[in-house]
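Examination of the molecular architecture
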Amino acid sequence: MLKSIDAILEEVQQWKTRYVTVTGGEPLAQPGAKQLLTVLSDQGYHVSLETSGAFDVAEVDDRVGIVMDLKTPGSGEVDKNLYKNCHYLSKKDQVK
């Protein structure tokens, strides 16, 4: 079931936190994920994105901390890595 961004914000506000991590499966495969990241940032949340690195992060809001889980050769999924994403990472981001 897809939730609207307003519904997600309402849910997040109930937790009274300032830190939000968007994760689960591959968030960037979901419609509206990048917009959600921006809206959360606009609302003053400290936002991080857990991503596999298989989807383009070029348009992810600069305020969002990216945690990129690059696949190793032993995973059998190394061909899914989008290595150009490494060029968009900054000091606030992480690779695991």
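Residues numbered from 1 in each chain as written. Predicted model: local features only at pLDDT ≥ 70, side-chain atom pairs only at ≥ 80, totals over all residues. Heavy atoms only, no water.

Notes on the pattern of salt bridges
What the rule picks out here adds up to six salt bridges. Here Asp 69 ties to Lys 71 by a salt bridge, and the two come within 3.3 Å at their closest N and O atoms. When its relative accessible area of 26% is taken as the criterion, Asp 69 is described as partly exposed. Residue classification places Lys 71 among the partly exposed residues on the basis of a relative accessible area of 23%. Lys 92 is the partner of Asp 93 in a salt bridge, and the nearest nitrogen-oxygen pair spans 3.1 Å. Within this structure, Asp 42, Asp 61 and Arg 63 form a network of salt bridges that share partners. (Salt bridge = Lys/Arg side-chain N within 4 Å of Asp/Glu carboxyl O. Buried < 20%, exposed > 50% of the residue type's maximum accessible area, 1.4 Å probe, protein only.)

What to know about helix H1 (residues 5-14)
Along H1, the positions that sit buried rather than exposed are Ile 5, Leu 9 and Val 12. Taken around the axis of H1, the buried residues stretch over an arc of 65 degrees, which confines them to a single face. Opposite the packed face of H1, turned more than 90 degrees from it, sit the exposed residues Asp 6, Glu 10 and Gln 14. Buried-residue contacts for H1 involve strand S1 (19-22) and helix H2 (33-42). Backbone geometry just after H1 places Lys 16 at a positive phi near 50 degrees. (Helix = DSSP H or I, 4+ residues; strand = E, 2+ residues; numbered from the N terminus. Arc of directions from axis to C-beta. Contact = heavy atoms within 4.5 Å.)

Section: the side chain of Ser 48
Residue placement: Ser 48 occurs in strand S2 (residues 46-51). A distance of 2.8 Å separates the side chain of Ser 48 from the side chain of Thr 21, its partner in a polar contact. Setting aside chain neighbours within four positions, we find Ser 48 in contact with Val 20, Thr 21, Val 22, Val 64 and Gly 65. (Polar contact = N/O pair within 3.5 Å; in protein donor to acceptor, adjacent residues only side chain to side chain.)

Re the nonpolar core
Ranked by size, the top nonpolar core spans 19 residues in total, and within it Leu 37, Leu 40, Val 47 and Val 60 carry the most contacts. If you list the elements that add at least two residues to this core, you get H1, S1, H2, S2 and strand S3 (65-68). A total of four residues in this core trace back to one element, the largest contributor, which is H2. The residues contacting Val 47, other than those within four sequence positions of it, are Val 20, Val 22, Leu 37, Leu 40, Ser 41, Arg 63, Val 64 and Gly 65. (Core = buried A, V, L, I, M, F, W, Y, C linked by side-chain atoms within 4.5 Å.)

Looking at unusual backbone geometry
In the Ramachandran plot, Lys 16 falls in the positive-phi region, its phi being about 50 degrees despite a non-glycine side chain. You can see Lys 16 is positioned in the loop between H1 and S1. According to the relative accessible area criterion, Lys 16 is exposed, its value standing at 73%.

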